[in-house]
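Spelled out, the chains give:
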Amino acid sequence: MVEGSTQPRGRQGRFGLRGRIVIRFASIALLLSLTLGLVTYLTVRQIVVENREESAIDQVARDALLLEAVGPDSTNPSELLASMRPPSRSTPLFLAEGRWFAASLQVRPEDLPQDLVETVVSGVSARQFTRLGPSPVLVVGTPLRADLGAYFEVFRLDDIEATLSALLTVLMIAGLGTTIAGALLGWVMAGRVLQPLHQVAGVAQQIAAGELESRIDETLDRDLLTLTSSFNRMADALQERIAREARFASDVAHELRTPVTTLVTSLSVIERRRDELTPQGREALDLLSRDVRRLERTVADLIEIAKHDAGVATVDLEPVPVATLLGWLLNRLRRPDIPVDIDEPATRSTVLVDQMRLERVLANLIDNAESYAGGVDRLSVEGRRDAVLIAVEDSGPGIPIEERERIFERFARGQDAPRTGEYEGSGLGLSLAQENARLQGGLVRIEGRPGGGARFVVEVPVVEL
Amino acid sequence: MTGPTGGGRERILVVEDDGRLRDALRLALEEEGYVVDGVADARAGMEAFAEKSPDLVLIDLVLPGGSGLDLCKELRRDHDTPIIIITARDDSHDVVAGLESGADDYVTKPFVFKELSARIRALLRRFRMADDGAGQSRMVFGDLEILPDEGRVIRAGEDVALTRTEFLLLCELAGSNRRVLSRERLLDGVWGYTYFGDGRVVDAHIRRLRKKIEPDPSQPRYVLTVRGLGYKFDPPTNDSA
C-alpha cells in the first residue's frame with residue numbers, strides 16, 4: 001500500500017506532467033525524423049550510386065571496345081590510354097602481358113583490389129567499391145578480347161560522397177528542427193491540457209482559503225467532466241458538512257435561548273427577594289446570578305456569531321464625523337469617565353461606520369480590558385490618511401506577540417490571563433469584535449504600549465466628503 | 001384601554017408558547033406589580049385581549065407558525081395598546097417585520113429581564129402621559145394639522161390614524177423647530193430611554209409614519225433623513241401657523 005502510493009509520486013517528482021509530455025513529443029518527433037531521414041538518405045544513396053555504377057559499366061564497355069578495336073596494333077598502350085578521351089572522373093588502367101599501363105599517376109595498379117584484378121584476369125567482368133586514399137572509388141574491370149589483357153577504370157566517387165554528406169547534414173538539421181518543434185508542440189499542448197487543471201487548482205485554493213462557494217465551471221471541457229463534476233460534488237459535500245457543523249452550534253444556541261431567558265427571568269424574581277434569604281442563600285444566589293448572566297451572554301454571542309458565519313449579518317454604514325461619533329459612543333457605553341485623547345486630523349475626519357456595531361466592538365474591547373487588564377486607561381483616537389484608529393489602551397500585562405492572532409479565536413484566552421471568578425465574558429467577545437469591525441471594512445489589531453500594557457486598535461475607514 | 005384597570009394595577013398580556021418562560025415572565029412581572037395573563041398561542045391571545053383589555057401586550061414572535069406577527073397586526077388594526085415583541089436575536093427581518101406590523105418596541109431572546117422591565121415601564125409611562133394630553137397648541141404645516149390636545153392628526157382635511165407612538169414621534173419631530181434630531185434624542189423623547197434603544201425602532205416608526213402622512217413615502221417631504229445624524233421635520237413652507 002505504502003509503496004504503491006509513494007511510487008507515482010516519485011515518478012512525478014523527476015518530471016512534471018508537462019515535462020513528461022514534452023519529452024514524449026520530442027522523442028516521437030526525433031524517432032520520426034530519424035526514420036524518415038534514414039530512409040531518405042539510403043534511398044538517395046542507392047539511386048545515385050546505382051546510376052553512377054551503370055554509367056561506369058557502360059563507359060568501361062565502350063572504352064574496352066574502343067581499346068580492342070585499336071589495341072593490337074598499338075605500340076605503346078600508355079599512349080593509347082592517354083589518347084583515349086579522358087573521362088572527367090575516371091582513370092583508365094590497362095593490364096597487358098603482365099604489365100600495367102596507366103594514363104595517370106594518380107592511380108597505381110597496386111591500389112586496385114587484388115581479388116578484382118584476379119577475377120577480371122580470369123575472364124569475368126567485375127566491379128568493386130573501394131577506397132583510394134581518402135576518396136571512395138568504383139573500380140570496374142573487364143577482360144579484353146583474345147590476349148589483349150584486361151582493362152580497368154577507376155571512377156572517383158567523392159562528388160557523390162560530398163552530395164550525400166550534404167544531404168545527411170541537411171537531414172540531421174531537419175531532424176533536430178523537428179525534434180525541437182515536437183518539444184515545443186508538446187509544451188504548448190501540455191499547457192492547453194493543463195489549463196483547465198490550473199483552474200481546478202485555483203478553485204481548490206479558493207476553497208482552502210475559505211471561499212466555500214467556489215465551483216469549477218462544468219462546461220470547462222467535455223473530457224474533464226468527470227474531474228470537474230466530482231470535484232464540485234466534493235466541494236458541495238464539504239460545504240454542506242461545514243454548514244452542518246456551524247448550524248449545529250447555532251442550533252444549540254437557539255435551543256438554549258428560551259431556557260436561558262427563563263433562568264434569567266426567574267432569577268430576577270429571587271434577586272428582588274435577596275434580602276429575605278439567609279447569608280448562605282444570598283451567596284449561592286450571587287454565584288447563580290453571575291453564571292446565569294455569563295450563560296446568557298454566551299448564548300447571545302453564539303447566536304450573534306452564527307449570524308456572521310451564515311453571512312446574514314447586516315451592516316448599516318453611515319458617514320459620521322469622528323467627534324460626533326465619540327460623544328455618541330461614550331454616551332451609549334455609559335463610560336464618560338474614560339479619558340479620550342483625540343488628535344487634530346481625527347477631529348476633522350468623517351468615518352463610514354455602523355454605529356451600533358462599532359459600539360459593540362468597543363464595548364467588547366472595554367469589557368476585555370476590564371476583565372484582564374484592570375480597566376481601560378484611555379481611548380486614543382488618531383486620524384490617518386484613509387483610516388481613523390480608535391485604540392482602547394490598558395496598563396495590564398500586555399499580550400505577547402505570538403498570542404496576538406490567537407486571542408481573537410473563539411473561546412481563546414490569553415495564557416497569562418487570570419481565570420478569576422469575576423470574569424463574566426462569554427469567551428467570544430474578541431472574536432465578535434473582530435467580526436463586527438470587519439463587517440464595516442475595518443479591523444481590530446493588538447499592539448504593545450511602550451510603558452507596558454496593550455492597545456487594542458480598531459481601524460475604521462475614513463470617507464471623503 | 002384608557003388607564004390602568006382593576007385596582008390601579010396595570011395589566012399585561014403575555015403571549016408565549018414556552019410554558020416555563022411564560023411562568024417565569026408572569027412571576028417576574030407580578031413581582032414588579034403588574035397583573036399578568038399568560039396564554040400560549042395567538043388565538044388565545046386574541047380572546048384574552050378582548051376579555052381582559054390589557055394595558056400592554058408582550059408577544060413572542062417565535063410562536064409556532066409565525067402567528068405572533070399576525071396577532072400583532074390584528075391587534076394593531078383596531079387598538080393602539082402598546083405592544084412589545086420578543087424576537088430572535090439573529091433575525092433582523094423579524095425585528096423589522098415586527099416593528100412594521102405595529103409593535104412599539106422589541107426585545108431579543110435571550111434577554112435580561114431588567115431590560116424588558118425597563119421597556120415596559122417606559123412604554124406604560126409614555127401612554128399614561130399621552131392620556132393626560134401633551135398640553136401643546138395646534139400646529140399646522142401646509143395641509144398637515146396636528147392637534148396634540150386631542151391626539152389627532154389631520155391631513156388634507158381627513159383624520160390620519162396614528163398609533164400613540166407614531167403620534168408622539170410626530171409631535172417630537174414637529175416641535176423641534178426644523179432642527180435635526182438624532183435617533184438617540186428621539187428614543188429618549190418618545191420611548192423614554194436611550195441605553196437599551198436601537199436605531200431600528202426609530203427607523204421602523206419613521207417609515208410607518210411616512211406611510212401615513214407623506215403624499216409619497218418614497219420621496220418624503222415632511223420627515224427627512226439626515227445621513228449619519230438622524231431625522232429632521234422640514235415641511236414645505238407655504239404657510240404655517
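These figures come from a predicted structure and were not determined experimentally.

Draft legend 1. Layout of the overall build of chain B. What chain B contains, in helices and strands, is eight helices and twelve strands. Expressed as a percentage of the 241 residues in chain B, the buried residues total 43%. Put simply, 57% of the contacts in chain B that link residues at least 6 apart link residues at least 24 apart.

Draft legend 2. Molecular detail of the overall build of chain A. Across its full length, chain A carries eleven helices and twelve strands. When burial is assessed residue by residue, chain A has 28% of its 465 residues classed as buried. Taking the intrachain contacts of chain A between residues at least 6 apart in sequence as the baseline, contacts between residues at least 24 apart amount to 64%.

Draft legend 3. Spatial organisation of the environment of Arg 99 of chain A. All names here are of chain A. If you trace the backbone, Arg 99 turns up in strand S2 (residues 99–102). Given 11 C-beta atoms within 10 Å, Arg 99 falls into the exposed group. Taking the C-alpha atoms as reference, Arg 99 lies 9.7 Å from Pro 109; in sequence the two are ten residues apart.

Draft legend 4. Up close: the environment of Asn 368 of chain A. With respect to the element layout, Asn 368 of chain A can be found in helix H10 (residues 355–372). Sequence-distant contacts of Asn 368 of chain A, that is, excluding residues within four places in its chain, are made with Gly 429 and Leu 430 of chain A.

Draft legend 5. A look at the packing of helix H2 (residues 42–52) of chain B against helix H3 (residues 67–78) of chain B. Residues and elements named next belong to chain B. Look at H2 against H3: their axes get within 9 Å of each other, and the N-to-C directions meet at 25 degrees. Accordingly, the angle class assigned to the pair H2 and H3 is roughly parallel. As H2 runs across H3, the sense of the crossing is right-handed. Here Ala 42, Gly 45, Met 46 and Phe 49 of H2 lie close against H3, whose contacting residues are Ser 67, Gly 68, Asp 70, Leu 71, Glu 74 and Leu 75. The residue makeup of the contact of H2 with H3, split by class, is five nonpolar, three polar and two charged.

Draft legend 6. Representation of the sheet that holds strand S1 (residues 90–96) of chain A in the model. Residues and elements named next belong to chain A. In spatial order, the strands read S2-S1-S5-S4-S3; together these five strands make up an open sheet with antiparallel pairing. Each end of this open sheet is capped by a strand with a single partner; those strands are S2 and strand S3 (126–132). Neighbour-to-neighbour, the strand axes of this sheet turn through a mean angle of 25 degrees, independent of strand direction. Across seven bridges, strand S4 (residues 135–143) lies against strand S5 (residues 150–156) in antiparallel orientation. Counted as the bridge partner of Pro 143 is Ala 150 from S5.

Draft legend 7. Highlighting the confidence of the model for chain B. All names here are of chain B. Of all residues in chain B, 87% have pLDDT values of 70 or greater, and the mean over the chain is 83. Between residues 1–6, whose pLDDT stays under 50, and residues either more than four places distant or in other chains, the model counts twelve contacts. With a pTM of 0.62, the predicted complex shows an ipTM of 0.80.

Draft legend 8. Fine view of the interface of chain B and chain A. Between chain B and chain A, the contact holds 23 residues from the first and 25 residues from the second. At the level of elements, helix H1 (19–31) and helix H5 (113–132) of chain B are the ones that each hand at least two residues to the side of chain B that touches chain A. Counting residues per element, the side of chain B that touches chain A draws most heavily on H1 of chain B, which supplies seven residues.

Draft legend 9. Fine view of unusual backbone geometry. Residues and elements named next belong to chain B. Lys 109 connects to Pro 110 through a cis peptide bond whose omega is 5 degrees. Note on placement: Pro 110 falls in the loop between strand S5 (105–109) and H5. At Asn 177, a position not held by glycine, the phi torsion is positive, near 60 degrees.

Draft legend 10. How the structure looks around the nonpolar core. One finds Val 392 of chain A together with Val 57, Leu 58, Ile 59 and Leu 170 of chain B to be the most contacted residues of the largest nonpolar core, which totals 116 residues. Here Val 57 of chain B is in contact with Leu 13, Val 15, Phe 49, Leu 75, Thr 81 and Ile 83 of chain B, once residues within four sequence places are set aside. One finds Ala 56, Leu 95, Val 107 and Val 117 of chain A within the second-largest nonpolar core, a separate group that totals 24 residues.

Draft legend 11. Spotlight on the packing of helix H7 (residues 183–191) of chain B against helix H8 (residues 199–213) of chain B. All names here are of chain B. Close contact between H7 and H8 brings their axes to 9 Å; oriented N to C, the two are set at 80 degrees. In terms of axis orientation, H7 runs roughly perpendicular to H8. From H7, Arg 183, Leu 186, Leu 187 and Trp 191 reach across to H8, where they touch Gly 199, Val 201 and Val 202. Grouping the constituent residues of the contact of H7 with H8 by class yields five nonpolar, one polar and one charged.

Draft legend 12. Summary view of the sheet that holds strand S8 (residues 152–155) of chain B. All names here are of chain B. If you trace the four strands from one edge of the open sheet to the other, you get S6-S7-S8-S9, paired in antiparallel fashion. The open sheet is flanked by strand S6 (139–141) and strand S9 (158–160), the only strands paired with a single partner. Averaged over all adjacent pairs, the angle separating strand axes in this sheet is 25 degrees, with direction ignored. Judged from the three bridges that link them, S8 and S9 form a sheet pairing that is antiparallel. Residue pairing for S9: Ile 154 is matched across the bridge by Asp 159. In the packing of helix H6 (residues 164–174) onto the sheet, the strands contacted are S6, strand S7 (144–147) and S8, and the crossing angle to S7 comes to about 105 degrees.

Draft legend 13. Structural detail: helix H2 (residues 17–70) of chain A. Residues and elements named next belong to chain A. For H2, with 54 residues, the first-to-last C-alpha span of 78 Å sits near the 80 Å given by 1.5 Å per residue. For H2, the full list of buried residues reads Ile 21, Val 22, Phe 25, Ala 26, Ala 29, Ser 33, Ala 56, Val 60, Asp 63, Ala 64 and Leu 67. Where H2 is buried, its residues meet S1, S4, S5 and helix H5 (158–208).

Draft legend 14. View of the pairing of S8 of chain B. Residues and elements named next belong to chain B. When S7 meets S8, the two strands line up antiparallel, connected through four bridges. Paired with Glu 145 across the two strands is Ile 154, which belongs to S8. From the end of S8 to the start of S9, which pair antiparallel, there are two residues, and Ala 156 there has a positive phi angle of about 50 degrees.

Draft legend 15. How the structure looks around the pairing of strand S10 (residues 387–393) of chain A. All names here are of chain A. Burial within S10 is extensive, with five of its seven residues counted as buried. Taken together, the six bridges between strand S9 (residues 378–383) and S10 define a ladder with antiparallel strand orientation. Residue pairing in the sheet places Glu 382 in a bridge with Leu 389 of S10. Count of turn residues in the S9/S10 antiparallel hairpin: three residues.

Here is what the cut-offs are and how they apply
Residues numbered from 1 in each chain as written. Chains lettered and ligands numbered in written order. Predicted model: local features only at pLDDT ≥ 70, side-chain atom pairs only at ≥ 80, totals over all residues. Helix = DSSP H or I, 4+ residues; strand = E, 2+ residues; numbered from the N terminus. Buried ≥ 20, exposed ≤ 12 C-beta atoms within 10 Å, placed from the backbone. Contact = placed C-beta atoms within 7 Å. Axes fitted to C-alpha atoms, helices over the stretch in contact; angles between N-to-C directions. Parallel < 35°, antiparallel > 145°, perpendicular 65-115°, else oblique. Left-handed = near helix turned anticlockwise from the far one by under 90°. Nonpolar A, V, L, I, M, F, W, Y, C, P; charged D, E, K, R; others polar. Pairing = 2+ DSSP bridges. pLDDT = per-residue confidence, 0-100. Core = buried A, V, L, I, M, F, W, Y, C linked by C-beta atoms within 7 Å. Expected span 1.5 Å × (residues − 1).

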